[in-house]
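# Understanding the architecture of this molecule
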There are 4 protein chains.
Amino acid sequence: MLGDFNVRTDLALEAKESFAEDDVEIRGVRIEEAADEEREIYTTIVRIETENGARIMGKPVGTYITLEAPNMSSEDEDYHREVSEELAKHIRALTGAGEKNVLVVGLGNREVTPDALGPDVISNLHITRHIAKEYGKASLDEKASLVSAVVPGVMAQTGMETLEILRGIVRETAPQLVIAIDALAARSTRRLNRTIQITDTGINPGSGVGNHRDGINADTLGVPVIAIGVPTVVDAATIVNDTMEQLVDTKEKRQTIREKISPHLNTMFVTPKDIDETLKRVSYTISEGLNLALS
Amino acid sequence: MLGDFNVRTDLALEAKESFAEDDVEIRGVRIEEAADEEREIYTTIVRIETENGARIMGKPVGTYITLEAPNMSSEDEDYHREVSEELAKHIRALTGAGEKNVLVVGLGNREVTPDALGPDVISNLHITRHIAKEYGKASLDEKASLVSAVVPGVMAQTGMETLEILRGIVRETAPQLVIAIDALAARSTRRLNRTIQITDTGINPGSGVGNHRDGINADTLGVPVIAIGVPTVVDAATIVNDTMEQLVDTKEKRQTIREKISPHLNTMFVTPKDIDETLKRVSYTISEGLNLALS
Amino acid sequence: MLGDFNVRTDLALEAKESFAEDDVEIRGVRIEEAADEEREIYTTIVRIETENGARIMGKPVGTYITLEAPNMSSEDEDYHREVSEELAKHIRALTGAGEKNVLVVGLGNREVTPDALGPDVISNLHITRHIAKEYGKASLDEKASLVSAVVPGVMAQTGMETLEILRGIVRETAPQLVIAIDALAARSTRRLNRTIQITDTGINPGSGVGNHRDGINADTLGVPVIAIGVPTVVDAATIVNDTMEQLVDTKEKRQTIREKISPHLNTMFVTPKDIDETLKRVSYTISEGLNLALS
Amino acid sequence: MLGDFNVRTDLALEAKESFAEDDVEIRGVRIEEAADEEREIYTTIVRIETENGARIMGKPVGTYITLEAPNMSSEDEDYHREVSEELAKHIRALTGAGEKNVLVVGLGNREVTPDALGPDVISNLHITRHIAKEYGKASLDEKASLVSAVVPGVMAQTGMETLEILRGIVRETAPQLVIAIDALAARSTRRLNRTIQITDTGINPGSGVGNHRDGINADTLGVPVIAIGVPTVVDAATIVNDTMEQLVDTKEKRQTIREKISPHLNTMFVTPKDIDETLKRVSYTISEGLNLALS
């Protein structure tokens, strides 16, 4: 079980796996898995259906779709197109039919490479709301959504909670749906930059590379919030803890170790050295998925 | 007189100069000039006091302070410090005494070099609001303002009017004052990157490199708006027109010329080739002026 | 005829057009035109075959291929792919058959938007030389070239002539071919960001947005140099001059006008306000053309 | 002792400390320490004087000056100025008296935040070589060096070894001295972004965030190379190993642990979440130190 130590994952899939050794079913949590071996895209859907499930999983009630795409960090354009299409399919399923007024939010810090996923996705997005406002809805494809976007920045840059900024913009521009893009923390380095999580629960406290303090979700914004995230970092304390867990055999010793891990590590993250190249591809794939789903 | 042609300046100083040949006093407009020869900083204050003055000048009633600092594009650090201090003095005079809750807005497009003044200024600003919120006002200097900041982006990037974004943020975070930084269009290339205009009238339709459609001012935001601008471009149509005016002698011919200038030029601007280096210095000087005024 | 005034174009096509009114054939210059109406790509090949032709045209002896692609600044991905393929075809024809060791050079200043074409193209290029060096040539496709790339920066950033930097790198890494990408100055605003010029003459003094002083060509580097350029700016003096030419009827008056145009304008350029979005698409199209031609 | 495991530090100071428990003197290695308590700058000079010392320390013979400046990541401008002056003093001492022709090299990847130190330092440097070439040496201060600079990029971007690029440029432009700036890997997270190492040994294989394979030093470039580095990351394998070392008591167990640490971690690094803000200040401080030393 996830202790009160700083072991952290933003992936529902990994929260589930921490119980895997017991092979128990968790009441209130349903799992579906699908492997598209030919396309090498693996899908896991975690449905947290009850408050009990939510408590155990440490994540709100809702649907968490995880696409694992092992080659997503490679240069293969056809593969990326397939991942974009798969992503678009899931976004459409979560958003429901018909065009919408959608605000896409690029969370994170554009100045810190592994946290720049959100801003990078926005920069390749097809923005249409102002065109429809100026030339009429007829200037767009019939089923196209009206897309607006914002990169709110992080608190050290703005002095404001991201939620404050978004709440203001949502009230003023009245989108029917918010889609928030964010870089996530995973527990396993193997998942970095090859996994996409799509959830209808929004962004919740403690998630994201920068560790949001306030949730960005239907409760706080007043409109549905879909969150799309890719794990780009592992918390430094988590990586030390997890390596130790594999090596140390008694429960007491583990507890001792946890207590000794420097709290200093909580302000640090672990990320791959080639994060720049990888993220360029991944963010483009997500932009294309959104462009497909919303146009 | 400024015709209905696309001759455009965001500087009150230049709007005034277009009457200079007549050497008339304009009713409702007062001018004060001060030259600090030693420091090479020249100050002109244009006060538009009546609606008549506003109509003739093509600018709202209010105070327009222009600092001309011929060496602002050079590398001299001491000179820049003096300009920052001069700027801080004027900001303090316009904002009144006592600490404030201030939202600084970096207008413009960070991807287009001469339009990136606003975003660049924000990146060197001391942001303090979140610190005071977290650790209490006592964690800051006694007279320091609470500073928050935002870079809203431009409509092609967001699909939203800048005003929509700012109105939302202002309602949510309730600053007592907004300071908007923007790159401006001048009429004369000689003024580019060496002139700072400070005004208590905010940003008004048609101003800024990107030509805002909605005003960002006390009327539209509900709080006082101070605008700080530096001309970084001349509109291409303006430069063609003005060069012609000097060369052509009859009023009829001028009219003919204006009609023939390609409307295509209205989507173009003129800027110096070394705009990157110059703007880096100028934006730093303005950041420092704000940091001095607000801390 | 191009006077000794600062009317400047880096496009052979436009140099030719300045004679068009006379409809003369220039000895030593051959022109071929091809219009692919369906794909909306228009090709002009200017072959300067003699020193006489070179003198009149103000460009070295060689082949200048111009692709005019009116929709290149739009978002249509299929269209961009077609332009990339057309570009690849011409690059392959100029480089000859068989794999090569190719150094691609991204000229220009990445900090000035319309001058960032070269650096932007490099950032989407598939770099392979180090892979072949590490894992053997067999790790690449059989006919793939070994691609290396450099963004040398501009003189204000480096203190060095670009030629000095490139000459050093070419001597050390011994490529068989250099491909230089550069933003160009056109004479007509209508050509900006929708025209690609490919030439086997390299980059010659006075070309490029930043106006190179030393040529970057087979003479100065010792290996063939193909240059690929897109006009992104018009010189400010040129735009003023050309607009005037259309309006003023006598030759004497034109001469007077030229003399009066401020030399100050020579340090300024004219560029479209949406240069950021347009250039992102154009640079991607050129990267893809190079990736197709070299892989 | 540093094992053959991936425990890595680019700081001579830390290499020394790994022997500290034994409190032995290492033959061939001399240490001087100086604490400026008032200014809070702590200096350690490690002189590796013999090949024996070099072998034990795992670093070439030469002088390694380490400035520890605990407040370097804070906003205090006066403090930064003092660090710049201290740095300038050491650079001057290592370079000898009199003006020089100096090439400053910004190593690392500008797209990966903690590796962007080198490129960031270059962007604030006063470049003068081209001015002296154009207007004569008299246009600069009498004792000013001729400064040129280059950001060569990393192998994944260029396909070339950094050494190839630099060797070419050095041959072509003949500087008398190269100063290379690079982000380093430390062993302790406490040292990140508050330590500057200055050495006359250049950059050696295995150092730098990106782990250079070829040395950049007097042997390989043919001119003296001073390297200035700041540790911005800890290798992920190192952080796991070191935390364990503190917790595990027997030598055998340590060996077991080392063997089990995933080799995957070798492609990962650990860095603080606020690396963007910190690095902006640190790189500016180093630029200013260089500007003082070279002007």
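Calculation notes
Residues numbered from 1 in each chain as written. Chains lettered and ligands numbered in written order. Predicted model: local features only at pLDDT ≥ 70, side-chain atom pairs only at ≥ 80, totals over all residues. Heavy atoms only, no water. Least-squares fit on C-alpha atoms with pLDDT ≥ 70 in both. Contact = heavy atoms within 4.5 Å. Salt bridge = Lys/Arg side-chain N within 4 Å of Asp/Glu carboxyl O. Helix = DSSP H or I, 4+ residues; strand = E, 2+ residues; numbered from the N terminus. Buried < 20%, exposed > 50% of the residue type's maximum accessible area, 1.4 Å probe, protein only. Axes fitted to C-alpha atoms, helices over the stretch in contact; angles between N-to-C directions. Parallel < 35°, antiparallel > 145°, perpendicular 65-115°, else oblique. Left-handed = near helix turned anticlockwise from the far one by under 90°. Nonpolar A, V, L, I, M, F, W, Y, C, P; charged D, E, K, R; others polar. Phe/Tyr/Trp six-rings, centres within 6.5 Å; stacked < 30°, edge-to-face > 60°. pLDDT = per-residue confidence, 0-100. Pairing = 2+ DSSP bridges. Buried area = accessible area lost by both parts, 1.4 Å probe. Polar contact = N/O pair within 3.5 Å; in protein donor to acceptor, adjacent residues only side chain to side chain.

In screw terms, the move from chain A to chain C is a rotation of 180° and a rise of 0.0 Å along the axis, fitting with an RMSD of 0.1 Å. Expressed as a symmetry operation, the mapping of one chain copy onto the other fits a two-fold axis. Rotation axis and chain A: the residue whose C-alpha lies nearest the axis is Y284 of chain A, separated from it by 6.3 Å. Comparing interface residues between copies, 100% of those in chain A also sit at the interface in chain C, which points to an isologous, same-surface contact.

Going through the model one piece at a time under the given rule, you end up with 56 salt bridges over all chains. E172 of chain B is the salt-bridge partner of R167 of chain A, the closest N and O atoms lying 2.9 Å from each other. Taken as a pair, R167 of chain A in helix 7 (residues 162-173) and E172 of chain B in helix 7 (residues 162-173) lie in two separate chains rather than in one. The exposure class assigned to R167 of chain A is partly exposed, which follows from its relative accessible area of 26%. On the accessibility criterion, E172 of chain B (18% relative accessible area) is buried. Salt-bridge contacts for E68 of chain D lead to R191 of chain D; the nearest nitrogen and oxygen are separated by 3.1 Å. Taken as a pair, E68 of chain D in strand 3 (residues 62-68) and R191 of chain D in the loop between strand 6 (177-186) and strand 7 (195-199) lie far apart in primary sequence, 123 residues in all. The class of R191 of chain D is buried, set by a relative accessible area of 6%.

Below, the discussion takes up the packing of helix 3 (residues 77-95) of chain D against helix 11 (residues 275-294) of chain D. Residue and element names in this part refer to chain D. Viewed as axis vectors pointing N to C, helix 3 and helix 11 meet at an angle of 45°, and their least axial separation amounts to 8 Å. One way to sum up the angle between helix 3 and helix 11 is to call them oblique. Where helix 3 crosses over helix 11, the two elements pack in a sense that is right-handed. Where helix 3 approaches helix 11, its residues H80, V83, S84, E85, L87, A88, I91 and R92 are matched on the opposing element by R281, V282, T285, I286, E288, G289, L290, L292 and A293. The residue inventory of the contact of helix 3 with helix 11, partitioned by class, reads nine nonpolar, four polar and four charged.

If you walk through the whole model with that rule in mind, you get two aromatic pairs over all chains. Each ring, one from Y284 of chain A and one from Y284 of chain C, has its centre 6.5 Å from the other, and the planes form 25°; the classification is stacked. Here Y284 of chain C lies in helix 11 (residues 275-294) and Y284 of chain A lies in helix 11 (residues 275-294), a pairing that spans two chains. Residue classification places Y284 of chain C among the partly exposed residues on the basis of a relative accessible area of 31%.

This part covers the confidence of the model for chain A. All names here are of chain A. Across chain A, the average pLDDT comes to 89, with 95% of residues at or above 70. Looking at the elements of chain A, mean pLDDT is at its lowest for helix 10 (residues 251-260), recorded as 72, and at its highest for helix 4 (residues 117-123), recorded as 98. Note on residues 1-6: pLDDT under 50 across the span, and 13 contacts to partners over four residues away in sequence or across chains. The complex prediction reports pTM at 0.94, with the ipTM value standing at 0.92.

Our next topic: the relation of the copies chain D and chain A. Placing chain D over chain A gives an RMSD of 0.1 Å and needs a rotation angle of 180°, together with 0.0 Å of translation along the axis. Looking at the interface residues of chain D, 100% of them are also at the interface in chain A, so both copies use one shared face.

Of all five residues in strand 9 (residues 268-272) of chain A, five are buried; the element is thus mostly enclosed. Side-chain alternation along strand 9 of chain A places M268, V270 and P272 of chain A on one buried face and F269 and T271 of chain A on a second face that is also buried. In the sheet, strand 8 (residues 225-235) of chain A pairs with strand 9 of chain A via two bridges, with the strands oriented antiparallel. The residue bridging D235 of chain A from the neighbouring strand is F269 of chain A, located in strand 9 of chain A. Summarising the sheet, strand 9 of chain A and strand 9 (residues 268-272) of chain D pair through five bridges and their orientation is antiparallel. Paired with M268 of chain A across the two strands is P272 of chain D, which belongs to strand 9 of chain D.

This part is about the interface of chain D and chain A. Each partner contributes to the interface: chain D provides 36 residues, whereas chain A provides 36 residues. Together, the buried faces of chain D and chain A total about 2800 Å²; carbon and sulfur atoms form 65% of this surface. In this assembly, chain D and chain A are joined by zero salt bridges. Counting the contacts that link chain D with chain A gives eleven residue pairs in polar contact (both at pLDDT 80 or more). If you list the elements that add at least two residues to the side of chain D that touches chain A, you get helix 6 (155-158), helix 9 (236-247), helix 10 (251-260), strand 9 and helix 11 of chain D. Its residues assigned to classes, the side of chain D that touches chain A comprises 17 nonpolar, ten polar and nine charged.

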